[in-house]
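Listed below are the residues making up each chain.
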Amino acid sequence: MSGLPETPKIPYGGDYNPEQWPEEVWDADHRLFGRAGIDTLTVGVFAWSLLQPAPDTYDFTVLDRILDRAAAEGRRVVLATGTAALPPWLARAHPEVNRTDFEGRRHGYGQRHNFCPSSPAYRRLSTALAGRIARRYADHPALLAWHINNEYGGACYCTLCADAFRGWLRERYGSLDALNDAWWSTFWSHRYTEWAEIEPPSALTEHWRGPDHTAFQGLTLDYRRFTTDALLGCFLAEKEAVREHSPHTPVTTNFMGMFRPLDYHRWAPHLDFASWDSYPPLDAPPTRSALAHDLMRGLKDGAPFWLMEQTPSTTACRDVNPLRRPGELRLASWQAVAHGADAVLYFQLRASRGACEKYHGAVIGHAGRDDTRVFREVAELGRELAEAGALSLGARTPARTALLFDWDSWWALEMSDGPSRLVKYLDVVHDYYRAARAAGADVDVVPVTADLDPYDVVLAPVLHLVKGDLAARLEAVAERGGTVLTTFLSARGDEHDRAFLADVPGPLGPLMGVRVDEWDSRPAGVTGRVRLGADEVAARLVFEIVVPVGAEQVGTYLSDFYAGTPAVTRNRFGERGGEGWYVATRLDDAGTDEVVRRVLARHGLTGPYADAAAAGVETSARVTPDGTRLLFLLNHAGTEATLTAHATGTDVLTGKRYEKGEPLVLDPLGVVLLRLE
Amino acid sequence: MSGLPETPKIPYGGDYNPEQWPEEVWDADHRLFGRAGIDTLTVGVFAWSLLQPAPDTYDFTVLDRILDRAAAEGRRVVLATGTAALPPWLARAHPEVNRTDFEGRRHGYGQRHNFCPSSPAYRRLSTALAGRIARRYADHPALLAWHINNEYGGACYCTLCADAFRGWLRERYGSLDALNDAWWSTFWSHRYTEWAEIEPPSALTEHWRGPDHTAFQGLTLDYRRFTTDALLGCFLAEKEAVREHSPHTPVTTNFMGMFRPLDYHRWAPHLDFASWDSYPPLDAPPTRSALAHDLMRGLKDGAPFWLMEQTPSTTACRDVNPLRRPGELRLASWQAVAHGADAVLYFQLRASRGACEKYHGAVIGHAGRDDTRVFREVAELGRELAEAGALSLGARTPARTALLFDWDSWWALEMSDGPSRLVKYLDVVHDYYRAARAAGADVDVVPVTADLDPYDVVLAPVLHLVKGDLAARLEAVAERGGTVLTTFLSARGDEHDRAFLADVPGPLGPLMGVRVDEWDSRPAGVTGRVRLGADEVAARLVFEIVVPVGAEQVGTYLSDFYAGTPAVTRNRFGERGGEGWYVATRLDDAGTDEVVRRVLARHGLTGPYADAAAAGVETSARVTPDGTRLLFLLNHAGTEATLTAHATGTDVLTGKRYEKGEPLVLDPLGVVLLRLE
Amino acid sequence: MSGLPETPKIPYGGDYNPEQWPEEVWDADHRLFGRAGIDTLTVGVFAWSLLQPAPDTYDFTVLDRILDRAAAEGRRVVLATGTAALPPWLARAHPEVNRTDFEGRRHGYGQRHNFCPSSPAYRRLSTALAGRIARRYADHPALLAWHINNEYGGACYCTLCADAFRGWLRERYGSLDALNDAWWSTFWSHRYTEWAEIEPPSALTEHWRGPDHTAFQGLTLDYRRFTTDALLGCFLAEKEAVREHSPHTPVTTNFMGMFRPLDYHRWAPHLDFASWDSYPPLDAPPTRSALAHDLMRGLKDGAPFWLMEQTPSTTACRDVNPLRRPGELRLASWQAVAHGADAVLYFQLRASRGACEKYHGAVIGHAGRDDTRVFREVAELGRELAEAGALSLGARTPARTALLFDWDSWWALEMSDGPSRLVKYLDVVHDYYRAARAAGADVDVVPVTADLDPYDVVLAPVLHLVKGDLAARLEAVAERGGTVLTTFLSARGDEHDRAFLADVPGPLGPLMGVRVDEWDSRPAGVTGRVRLGADEVAARLVFEIVVPVGAEQVGTYLSDFYAGTPAVTRNRFGERGGEGWYVATRLDDAGTDEVVRRVLARHGLTGPYADAAAAGVETSARVTPDGTRLLFLLNHAGTEATLTAHATGTDVLTGKRYEKGEPLVLDPLGVVLLRLE
C-alpha cells in the first residue's frame, strides 16, 4: 500500500500526550477539541517507557484508553511507534545504544533521538515494540496512519557504526583501490590497505573546527550518506514490523524540511506519504517556508504531504521565541495547504507541565482555557478548514519550473576548503526560489534524479556536484527549447567531490558556453557592482572570472580587476531555442530577480500577480483530482493589497465571486482561495 | 558558639602567604603592615602541600613561625584549613579526588578548587588536616577566626557523585513515583524504574549548549541543589573537625556574592558569620557591589559580615584589568562598611612572585616599596579605620524594604527553554534594587523563606519559582497594608519548575489581580513603548499580555499588537490598603524608577537624599548596638556634590558637625560618616 | 656540511605530487614547467603510504620514475622524507602514534602532522624511511636538497609525552626543589614531591579557556620548550639518518614564519639552511610578510633562506580566499628576494583533484591550461628570475638596526593573567618593525642571544622576559653609543616568568632610567592621548605609570589621572652618548613612527626614500658576496610612485640606468632592482 490516509476533510489536530495527565484532564481535552474542530490526534510519540517499563513487560493499558476514547469521540489517531526516545532501563542495560558523538564521547542516558542506529539491541527492541503496537492497534477504529519514530536525525561515531560503515563502503566500492581513487587518498598519505583502517570522520580523525572542516571530503560525504542509510535502516525495520500486522494503513515519519543531516531524497521512496514539521526561524521570509513545503512536496513526485507539526503560537527552543502575531497562524496554515499540505497539525495540543518544552506554544495552555487569543485563532481556523472540506485533498501543483535541490551538493559546498566559507547552500537556493516565486511561477523543488520533461525552466543554483547523467539530462531540457540556469560554484565536483579534469563548469560547460578561468572571493562586507541591462546591481562573496566560449554576455562586472568581463551569460543551445544561463557571482535580490524574470518570461511563466509579489502577495496554484483549478492568494503584508482578478472564480472561504478584471482586495495577512471557473 | 569575631576595631589586612618567601621578607612585611595599620592576616589558605608533604607526614614548622611572628607583632590571624587546593601527591595516590567535569572528562592534577566533593579520600584527608590544624592552633594567641577551605564552587560529575546524587534523591523523594512526577519524566520517555538509571545532568546526558540547556529542569535543579549540599558537606565535615578542638572561635568560609553555582542560603545557617570576596566587574555600577553586600548581610538575618577579600588596585584574571583610580579603594571600602561589613581585608598583602596571580594587585608589590600610590592609599585608609574604631561594629541596617533573592528562581529562569534566553536574573533583580536604592531606601536582600513582618515593601522581581507557603506570606504583607511587587516571568513554576495548572502568575494571581494570557519575546534590539503616568518609557525582551482581574492599569503598552493593554498594574488587596504591583515587561531605568518610587512613596520610604542619587550619591544607614544612628554618604561621582543636611550629625571621619539644613559638601569620590544626633 | 644548495640562478618551482596522477599527465607537466621557467621540484612530501604500503614493504618504483624524469628534463629535486603524514596501517598497528590533544583526547587516524613526537614506533619507522630514501637517492643527479618532514607543529599530551617531559625536566632542573622554586609552586599548594606527579599542562590539568590560560606559567612555558625540543628531536633523528648516506647535500625543513607553537631559534642551528612557507593573511600589510622574511633570515645569522612555498593565486584554508590580484604575485616574490630569499617556490605546481586542498591555487589547474592569467604571471616571473640569474644569490642585508624577537616572551606575554589579554605580541612587534621599515631602515630580526655588536639601534618591544645576560648586553649597546628601545610590559619576568623582585622594568631599569609604579589597562575602545613633541597621538590598552629615575620625559600622557606623567622617556647611558628609550603605552602608528624616527635619526639610519614609504614604497638592500650593492624598490601601492634616485644604478630587470638625482618612476605594484654603482 502506498499513498495518503483517506480523510473526508483536511485533518486538523496534532501531538497529544494524555499519558502525562490524569483522565479528568482528558475530558477537558476532548471538550476543547470539539470547540476547535480538532479531529486528528498524534499519539504515543514518546511513550516507550510507558509502554515497556521493563525488558520483558509491556503495558498497553493507558494507550488502549487513549485510542478508545479518541474513537468514542469520533477522532482519528496518527499512531507513533514510540521509539524516538529510549527508556532509561534500556540505556542502562545496553550502554552501547547511547550514541558516541562527533567529539568521540560516548553519551550516557539523556534527551531523545539518542540511539545508535547500528546498535543491535536498539534495532531488536525498537522493532519489537513497533510490531507489538501494530499488532494491537492495526484494526483499531481510530487508527488513521502510522508514525514511525520521530524527527530522525543526528549521527553516531561509535565502533559499531565504524564497523557498519566499513561494510557499507565495501558494498559501495568493492575494492580499496576504487575507494582510494574516489577519495583521492594519495593526498596526505592516506592510501588504505585494509578496510579496518578506515575511521569515521570526526573531531578525532579527519575534522577540525567542526563537521564542515574535513581533510577528505569523499570520506565525509560517504559518512553522511551512510548515516542517512543507517537511520533509514531503522525506519525500514520498524516499517516492516508494522506492515506485518497492518498492511494497509499508510506509514510516514515526520521530516524537518531543509534539514541538512539527512538526505531525504534517499528516504522518500520508502514512505507512503511525506510529512514534516514546520518551525520557520524568527526572521525568515515567507518564501523560506514555501521552499520547504515545495521541497517536501517534491519528495513524492508532487503528491500532497502532511504538515505534521507547527506551533500555534510560539517555539521554546530558540534564544528568542516571539509570538505568532494575530493572523499569522492562519496565514501560515493556508500557505502550507497552498503548497500541497493535505493536513494541518500542531505540536502540541496540550502544553507539557514540565521539562524543556513546557513553554512551547500549545492549543491548550496550562490553565486549560478556551478564551485565550491562541485558542480562538485555532478554533477559527478549525471552522475554515471544516468549510473547505475535501476540496483541496489530493490536489497537485501545475508547475513548469523546477528547482534542483541536492543534499550532496549542499554537503560538499559547505564542507569545502575554498573559495569561501561564507557561501551557504540554502541562501543561494533561496535566492533563486524567491525570485521565481516573486515572479509568480509555481516551482517544483526536485531531486537531481527527477524526470525533467515536465519543465520549461530548470534552475540549478550552486549545484556543486554533478553526478551521473545529469549534465545530459539538463542538455536535453535545452534541446527541446527549455532554459537551464546555473551559478557560480556549480559543477565543481563529481559524486566524490573530485574536481573534473576540465574547465569549470565541467560537464555543464557545453550547455553554458563558458569557461571559468579563476574565482575571486571577498569578505562579506565587500560589494562588487554588476551592470545588468539598464540596471546596476550588487554582487558579493564569490566572483568567478568567465571566458565566454560561445555564450553571450548578459551582465558585466563593473568593479575590480575583472571589470568588463561577464558576470551573467546566456548560451543558445540546440536547435529549438533552448538556452543555458550562467550567473558567475552572488547577485543581490534585484539582480537575481532580473535574471530569473528574463528566464521565466521566455516561457511565459511569470504569473498574473507578479507585480504584487514585491508588496507581499504570494500566489500558489493547485489542481484537484477532478481538474478543479484552485488559486491561493496569500497576503504576507500587514497592509491591505488590492489586485485585479486575472480570471473569474469564487473564494471558497467566503463564497464571494470575483469576475475577471474586478478588484480583489486582500486583507492584511489575508487569504483568498479562488476556485477558478 | 556563633557570631562574629570580637575585635576592638574594624579588622584590616588580608591574605598573607609568607610561606612563599624567606624569613627576611617577613621582617619587611611586618614593618610595612605597621605603616599601613594592618592588624589582621589571613594565613594558610593554600598551604596543604606545605603542611602535609606526604600522606603520613605533617610539618607545621613554617606555620608555627608565621603565627608566632604575628602574635609577637600584635597581629591577629584568620587561620585557613588549607584544603582548597590538593597537594600533588594526593591527586596521584587517589586519582578519583580529581573532578570529572561537565563534559564528562576526569581531570588530572591541576589548579585549585579541584576536589571531588564525594570523594572519601578527600573527605578523610581534608578533615584530618583541618583537625590537626585546629588542635595545634586552637589556643594560639594570634588566632581570631577559622577560615574553612576557600571560595567553594564548581561541580563534579564522576561516578562517586552520581552515586551520592542517587542517595540524595532517594532521601528527598522517597519513591521513584514521586521523582517521576516531580521531573515530569513521562515527557520524552524518561520514566525511571531504578534509582541506578539516573545520571548526573551533563553535556553527555541531558544537556546541550552548556549548563543552561537541559531537557529536564527538575533533574538539573536537583543536581545544583545536590552540588550545593555536597560542598556544604565538605565544609561541615571540616567545621566539625575544627570544633572538636576549638569550640569557641568563630568559623566562616569566604563566599563570592552573587555566585550562581551555590545556593548560599542553604549554607548560611552553618556559618558563625558570613564573609565574602568582592571583585566587581570592570563596568559595574556601584549598586552592583551594594546589592552583593546586602545579599551577604541577608545571609545571617542582617548581622554584619566580613569583607574577606578585595583588591587594593587591580585584578589579574580578567581580559582587561583596570586600576582602581585614586580614591576608589577608599570609597569601595567604606561602601562595604556602610552595607554591613565589620572587616576590610585584601587579597593580597604581598604579590606572588610567580604563577597566574602575580599581576593581581597587592598592598606590597614585587619591589617591596611603601611609596607607591597604592600603598599610600592603603595606609591612609588604615588610619581612617583606626580612627573610626569600634563605632560601627555590630551595627544593623534599619530597612523596611525587602528584595527577595532566590537561587532556585535564578537557576530555573536561566535554564529555561523559552520565552527568552536574553533575560538574566541578576539584571532584573539589579533593576529593582538599583531603583530602590536610587530612591533612598535601605534594602534587605533576603531569601524567600525570610520573615517578612519587618517590611512595608517587598520587591520580588523575576521570582520564577514560587515555593512552599510563599504566596500566602506575600499576601499577608499586603493584608497588613504593605506592598508587594513582582514582574514578568514570576510564579511560573513550583519547586520542581513544573508549571502551575492555573493562569499565570499562578499562586500570585489573587494578590496581583491579573492573569497573563500569553507572552511575546523580542530580540535585544527591539524596543517597545510604555505609557507610565505622564511619561513614555521603553521596554525590552519580554512582553506579557495581561488581562486585569481586578487590578488597575498603571502602565500601558503603546506599541505592537498589544498596544493599549496593561504593562504595569496595581491591585488593592486586603482591608488595610495593601497592594500588589505587577510589571509585565522589562522596563528601562526610567520606568523602573517611576514604578519603584511610587511603591516606596506609599510607605514614606524614599530617602532624604533621593534626588542626589541620580548624581551618584549613595546613602546607607546603620544602627549600632547601643542605638547610635549612623548615616553613610558616599559620592560615586567624580565631581563634588552639595547636599543639605537632613538632620544634625557629626562626620566621624573629620569631626565636622552639620546642623540640619546646612550645606553638606561631598568631595569627588568622597565619604561622610554622619553620627546622627 | 652546512649552507645553501648551490644553484646557477634563483631556483623556481615548487611542490609537485605526480604520484597522484597517471604518467601521461607528467608529460604535460614538464611541458608546462618548461614554458614557465620552472627548474626545481619539491617531491615526496606526503608519500609515505606510497613508499611503504605495509610494515615490511617498501616500493620506490614511482619515486624512481619521478626523479629520473626530473633529471631527464634537467630539473632539480628537493626531496622530502615523506614522514609528515602517517600511513593508515601505521596508525592502526600502533595507536599510540596518534596524538592526544590539549583536551586529553587520543585521536584516531586522520589528517597530517598527526604523530606523537615521543612515540618510539614513529621515531623508528620515520627514521627508517628517511634512511632508505637517503640511501637510494643520495647520488641521484636530480637531487638538490633534503626536505625533512613538513611544517612541524602541534603538540601531544599523551602519557608517552608526559614521561618524556618528566625526563626533560629532570635534566633541566636536576632537583624538584629547583623546579618548585622556578615554577613558584608553593602558590596554590603545588609543591611536587615526585617527578611522576607532574602532568602536562592541558585543559584537564592547569588550563582553562584554552592554551593561553594557565595556572602555572613556568610549567606551561616548559611544556612549550619541551614540545619544541621533542619535534626537533624527530627532525634530528631523520637528519642523522639522511646524513649517514648523504653527507654533503644541504638539509632543511620548511618553517612557517611567525609560528607561535615552535621556538625556531632552538631549531636554527640544526638546519643547513632555513626555508619557509609564506601565506600572509588576507588583510596583512606588506610589512607583515617582510617581518616574517627578516625573522627567517635572522635564523641563520643573516644567511639567505628559501621561500619554500607560496601560492601562485589563492589559498583554500581560510574562510575567505581572495585571489592575488594581477602583479601581486610578482611583487611578493621580489619582496621575498629583497629580504633574503635565494629561491622562489610554490605550493603547488599541479592542483590536487580531490581532498581539502583541491581549491588551493596551483601553477597548473585542473584543466591543465597554459593560458590562464595565473600561468601567464608565473611564466613571466620565471623569465625575470632567469634574467636576474645568480646576481642576488648569497647576498646579505647590511642592517644596523636590530629588532629582538623572542618566543619565550611571546608565550609568556600571551599566557599572562593580567594586565591585558588584548595585547598581542606580534601586533606590538610589528608596530616597531613597521615604523623602522617606513623610516627606510633595513632591520635584522634576531634572537635575544644574538651578537648585538653590529647594531646601532636595538628595538626590543614587549620583551616580556629578560633572560641570562641580556640586560648587560643591551647596556653594552648603549655604552658604545647605541640606542636601545623597549616598551610597556617588557622585563616583567625571568626565564620562568617569575617577577623580578625589583622595580619594573627589572634588569632594564638602569638602562631605561625609570621605574614603573603601576599599570592601567583599558578596554579596546578607550583611547588615551599622548603629547609627543608638537604632536598629539593616541594610545591604547596598557598605560604604565612611570616615575623617571634619571630619564628625560619625551612624551606625556594628556588624559586620565596620570595626565602629565611620562608616556615616553629617554635616558642617557654611558659615556658615549648612548640612550635607553622607554615607551610606556601602546602608541598609534603616528606615535610609534615619531619615536622610531627620532631613534633612527640619531644614528643616520633613516633611508633615502623614507618619505615615499607612507605612499607604499618599500626599499630593501642586499650586498652580494662580491660586494655589489643591490637596492630593491617595491611599490605596494596601486598607483605610480615617482622618486628621485638617491644614487646612480641600473635596474637589473629592465637594464635602465638611473643617474643620481634623476626621477625614478615605479609602476603600480612595480619593482625596480637597482644594481648601485
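Residues numbered from 1 in each chain as written. Chains lettered and ligands numbered in written order. Predicted model: local features only at pLDDT ≥ 70, side-chain atom pairs only at ≥ 80, totals over all residues. Heavy atoms only, no water.

For chain A, the name recorded in an unreviewed UniProt entry is Beta-galactosidase, with Streptomyces kunmingensis as its organism. Note on chain A: under the UniProt heading Sequence similarities (unreviewed entry), the record states "Belongs to the glycosyl hydrolase 42 family." Under the UniProt heading Catalytic activity (unreviewed entry), the entry covering chain A gives this text: "Hydrolysis of terminal non-reducing beta-D-galactose residues in beta-D-galactosides." (UniProt positions renumbered as here; feature names shortened; annotations may be inferred.)

## Observations regarding the packing of helix α10 (residues 286–299) of chain C against helix α14 (residues 425–438) of chain C
Residues and elements named next belong to chain C. Interaxial distance between α10 and α14 falls to 10 Å at its minimum, and their mutual angle equals 95°. Considering the angle they form, α10 stands roughly perpendicular to α14. In this structure, α10 uses T287, R288, A290, L291 and D294 to contact α14, whose residues at the interface are L426, D427, V429, H430, Y433, R434 and R437. In the contact of α10 with α14, the residues fall into five nonpolar, two polar and five charged. (Axes fitted to C-alpha atoms, helices over the stretch in contact; angles between N-to-C directions. Helix = DSSP H or I, 4+ residues; strand = E, 2+ residues; numbered from the N terminus. Parallel < 35°, antiparallel > 145°, perpendicular 65-115°, else oblique. Contact = heavy atoms within 4.5 Å. Nonpolar A, V, L, I, M, F, W, Y, C, P; charged D, E, K, R; others polar.)

## Looking at the interface of chain B and chain C
Contacts between the two partners involve 49 residues from chain B, matched on the other side by 54 residues from chain C. It is Q111, R353 and Y359 of chain B in chain B that bury the most area against chain C; as a group they hold 18% of the surface buried on that side. On the surface where chain B and chain C come into contact, there are nine salt bridges. Note that R209 of chain C is salt-bridged to D319 of chain B, the shortest N-O span being 3.2 Å. Inspection of the chain B/chain C interface yields 31 residue pairs in polar contact (both at pLDDT 80 or more). In terms of residue class, the side of chain B that touches chain C is made up of 24 nonpolar, eleven polar and 14 charged. (Buried area = accessible area lost by both parts, 1.4 Å probe. Salt bridge = Lys/Arg side-chain N within 4 Å of Asp/Glu carboxyl O. Polar contact = N/O pair within 3.5 Å; in protein donor to acceptor, adjacent residues only side chain to side chain.)

## Here we look at the relation of the copies chain B and chain A
Least-squares fitting of chain B to chain A yields an RMSD of 0.0 Å, with the superposition described by an axial translation of 0.0 Å and a rotation of 120°. Here the symmetry operator amounts to a three-fold rotation axis. Of every C-alpha in chain B, the one belonging to R105 of chain B sits nearest the axis of rotation, 5.5 Å from it. (Least-squares fit on C-alpha atoms with pLDDT ≥ 70 in both.)

## What about the side chain of E618 of chain A?
Residue and element names in this part refer to chain A. Tracing the backbone through its elements, the reader meets E618 in strand β21 (residues 617–623). Owing to a relative accessible area of 9%, E618 belongs among the buried residues under this scheme. Polar contacts involving the side chain of E618 include one to the side chain of H339, which spans 2.6 Å. (Buried < 20%, exposed > 50% of the residue type's maximum accessible area, 1.4 Å probe, protein only.)

## Examining the UniProt feature "domain: Beta-galactosidase C-terminal" (unreviewed entry) in chain A
With numbering aligned to this structure, UniProt lists the feature "domain: Beta-galactosidase C-terminal" (unreviewed entry) at residues 616–675 of chain A. Taken end to end, residues 616–675 of chain A is 0% helix and 53% strand, and its two terminal C-alpha atoms sit 21 Å from one another.

## Focus: the UniProt feature "domain: Beta-galactosidase trimerisation" (unreviewed entry) in chain A
Listed under "domain: Beta-galactosidase trimerisation" (unreviewed entry) in the UniProt record, and renumbered for this structure, are residues 399–605 of chain A. End C-alpha to end C-alpha, residues 399–605 of chain A measures 9 Å, and it is 24% helix and 33% strand.

## Section: the environment of L4 of chain A
All names here are of chain A. Mapping L4 onto the fold places it in the segment before β1 (12–16). Residue classification places L4 among the partly exposed residues on the basis of a relative accessible area of 25%. The spatial distance from the C-alpha of L4 to the C-alpha of T252 is 9.2 Å, given a sequence separation of 248 residues. Leaving out residues up to four positions away in the same chain, L4 has contacts with P250, F273, P304, W306 and D342.

## Quick notes on the packing of aromatic side chains
The final tally for this structure, using the stated rule, is 117 aromatic pairs over all chains. When the ring of F561 of chain A is compared with that of Y562 of chain A, the centres are 5.0 Å apart and the planes differ by 65°; the resulting orientation is edge-to-face. Taking the relative accessible area as the measure of exposure, F561 of chain A reaches 28% and is therefore partly exposed. Taking the relative accessible area as the measure of exposure, Y562 of chain A reaches 3% and is therefore buried. Taking the centre distance of 6.2 Å and the plane angle of 90° together, the rings of Y359 of chain B and W519 of chain C count as edge-to-face. With Y359 of chain B in the loop between β9 (341–346) and α12 (373–388) and W519 of chain C in strand β14 (residues 514–521), this pair bridges two chains. Residue W519 of chain C is classed as buried on the basis of its relative accessible area of 15%. (Phe/Tyr/Trp six-rings, centres within 6.5 Å; stacked < 30°, edge-to-face > 60°.)

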